[in-house]
Amino acid sequence: MLGKRKRVVLTIKDKLDIIKKLEEGISFKKLSVVYGIGESTVRDIKKNKERIINYANNSDPTSGVSKRKSMKSSTYEELDRVMIEWFNQQKTDGIPVSGTICAKQAKFFFDALGMEGDFNASSGWLTRFKQRHGIPKAAGKGTKLKGDETAASEFCGNFQEFVERENLLPEQVYGADQTGLFWKCLPSRTLALDSEQSTSEYRSSRERIIIMCCANATGLHKLNLCVVGKAKKPRAFKGTDLSNLPVTYFSQKGAWIEQSVFKQWFEKYFVPQVQKHLKSKGLLEKAVLLLDFPPVHPNEELLSSDDGRIIVKYLPPNVTSLIQPMSQGVLATVKRYYRAGLLQKYMDEGIDPKMFWKNLTVLDAVYEVSRAWNMIKSSTITKAWKKLFPGNEENSVMNIDEGAILAANLATVLQNTEDCEHVDIENIDQWFDSRSNDSSCQVLTDSEGAEDQAKPVEQKPFNKTKKAELNPEKLISHKAALEWTENLLDYLEQQDDMLLSDKLVLRRLRTIIRRKQKIQNSKSHS
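Residues numbered from 1 in each chain as written. Predicted model: local features only at pLDDT ≥ 70, side-chain atom pairs only at ≥ 80, totals over all residues. Heavy atoms only, no water.

In the nomenclature of an unreviewed UniProt entry, the protein chain corresponds to Tigger transposable element derived 2 from the organism Sciurus vulgaris.

S.K.: Provide a residue-level description of the nonpolar core, including the pertinent values.
M.R.: Among the nonpolar cores identified, the biggest contains 55 residues, and Phe159, Val227 and Trp373 are the most heavily contacted of them. The leading source of residues in this core is helix 12 (residues 330-349), at nine residues. Apart from residues lying up to four places away in sequence, Val227 is in contact with Ile209, Ile210, Ile211, Val247, Thr248, Tyr249, Phe250, Val366 and Val369. (Core = buried A, V, L, I, M, F, W, Y, C linked by side-chain atoms within 4.5 Å. Buried < 20%, exposed > 50% of the residue type's maximum accessible area, 1.4 Å probe, protein only. Helix = DSSP H or I, 4+ residues; strand = E, 2+ residues; numbered from the N terminus. Contact = heavy atoms within 4.5 Å.)

S.K.: Would you mind going over the state of the cysteines in detail, with residue names and values included?
M.R.: All told, the structure shown has zero disulfides when counted by the stated rule. Cys226 carries a free sulfur, and the closest cysteine sulfur to it, the one in Cys214, is 9.6 Å from it. (Disulfide = S-S within 2.5 Å.)

S.K.: Kindly report on the pattern of salt bridges, identifying the contributing residues and their values.
M.R.: Enumeration according to the criterion identifies ten salt bridges in this entry. A salt bridge links Lys263 to Glu267; the shortest N-O distance between them is 2.5 Å. A residue pair is termed a helical-turn pair when its members lie 3 or 4 positions apart in one helix, as Lys263 and Glu267 do in helix 10 (residues 259-280) at four residues. Assessed through its relative accessible area of 29%, Lys263 is described here as partly exposed. The partner of Glu493 in a salt bridge is Arg507, with the nearest N and O atoms 3.7 Å apart. (Salt bridge = Lys/Arg side-chain N within 4 Å of Asp/Glu carboxyl O.)

S.K.: How would you explain the sheet that holds strand 4 (residues 208-216) if you had to name every residue and give the values?
M.R.: In spatial order, the strands read 6-5-4-1-7-8; together these six strands make up an open sheet with mixed pairing. Strands with a single pairing partner mark the edges of an open sheet, and in this sheet they are strand 6 (248-251) and strand 8 (310-314). Sheet twist, expressed as the mean angle between neighbouring strand axes with direction ignored, is 25°. In the sheet, strand 4 pairs with strand 5 (residues 226-229) via three bridges, with the strands oriented antiparallel. By the bridge assignment for strand 5, Ile210 is matched with Val228. Taken strand by strand, helix 9 (residues 149-165) contacts strand 1 (173-182), strand 7 (287-291) and strand 8, and its axis lies near 165° from that of strand 8. (Pairing = 2+ DSSP bridges. Axes fitted to C-alpha atoms, helices over the stretch in contact; angles between N-to-C directions.)

S.K.: Talk me through the side chain of Lys345; I want residue IDs and the actual numbers.
M.R.: In this structure, Lys345 sits in helix 12. A relative accessible area of 14% places Lys345 in the buried class. Discounting residues that sit within four places of it in the chain, Lys345 has contacts with Phe356, Leu360, Arg510, Thr511 and Arg514.

S.K.: I'd like to hear about the packing of helix 1 (residues 12-23) against helix 3 (residues 39-47), residue by residue, with values.
M.R.: Helix-helix packing is characterised by the crossing angle of the two axes and by the distance between the axes. One way to put it is that helix 1 packs onto helix 3 with a least axis distance of 10 Å and a crossing angle of 85°. For the element pair helix 1 / helix 3, the angle class is roughly perpendicular. Taken together, the residues of helix 3 that come into contact with helix 1 (itself represented by Lys15, Ile18, Ile19 and Leu22) are Val42, Ile45 and Lys46. Within the contact of helix 1 with helix 3, the residues separate by chemical class into five nonpolar, no polar and two charged. (Parallel < 35°, antiparallel > 145°, perpendicular 65-115°, else oblique. Nonpolar A, V, L, I, M, F, W, Y, C, P; charged D, E, K, R; others polar.)

Below you can see the structure in the form of structure tokens.
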């Protein structure tokens, strides 16, 4: 008789490898022998393929997949998702994270999300959280999460050799990286709250989108910003042709861009746009895209153009904060421009924060973040590549801190704006760098204003009664003008031949009308 088979517990990475080999046609029997498991276990893995892949996509980018063995979810799944997203961002930025900080942040998110239950961020919770996501013990002891400088230096040398060997110019070398953006956020001191008003009404927003920036090392070719939201077509997009947006929009449920979405973006958008750009420059249609450590991206062999001339290369683990070009100030500057634009829009409309929030939609955010990306200078991007292209550094002009200029200018304007007199440069700086999880950034809860925001502008027909209002002898009200402007904007979004500049002009007019309407309402109440 054969002895009893030793029990084998597979990691998530093992299960992903088995799924890949099954797709390659390897039999259940052969895999069961290789991994020392029963055939029924291999069949179960195939049955749960989608669940395993989705779990891996949302795990810690560097170690969660390789160490995690079970997929048992947290009691508070939404809290767990937000926490690992926050932790990964801290890790990318090299910010110290201790167990105490994690516990406090978890309690903050629990309250901010309005969750119910008796949650206790105990040491037991912290241990389970780290185990679920494969977080090393050192990460919970206040050790600063610095990048691996040795690995970064070695990769830079190898990458420069690769570029020389392949005869690639900076024009043919691209980088892409993603970040989360809480698109509803204003500095806390702009909120004119009554002293007796409950501060619990103002919590961190759950309105979040993912943005991915991609550009070549010269900064002269910036691809359209990639934006990923949870809704396939948000209500604010009603009547909008997605192909007419100034960004490339995808939808998914995960916290970071999933493999299927990234692969679609690479094949349908990145490759064709790069080929077109290189052809216009008279260059060989050959390029490389530099990406982060691969767990959240497809394998290298799955990402290439049909002719194999456009490929990807992955950075080693734990070097993003050191040498990933988009993480060397590019993403941070995009967020600063976005928030500066958001604040300027708030001041231009001249309405109180609650009304501003009711009017603000994710479509507005898409246009604003696209404008922010367009404002990034080529010199800013070139500087971000200096560690990978040291010879190109001399062509980069050192710029004055753009964020400091924005902060100073906005603070000056705000100090002369009603309800914003207490804002200073320090407050603006903190808000620029905030992630919508601290006291420098406050927004309305989803319950406040969400109902009004979710209601799209009604598409009222221009019947005979409406035509009567167009009589030039009659005074057109701000309300009617605003409604017509909204309808015209909806019309432009449906057309595929309208210029972005035309849409932006109308959006500017809408802001002016809203401000005039607010002034008129103030006079009527005085």
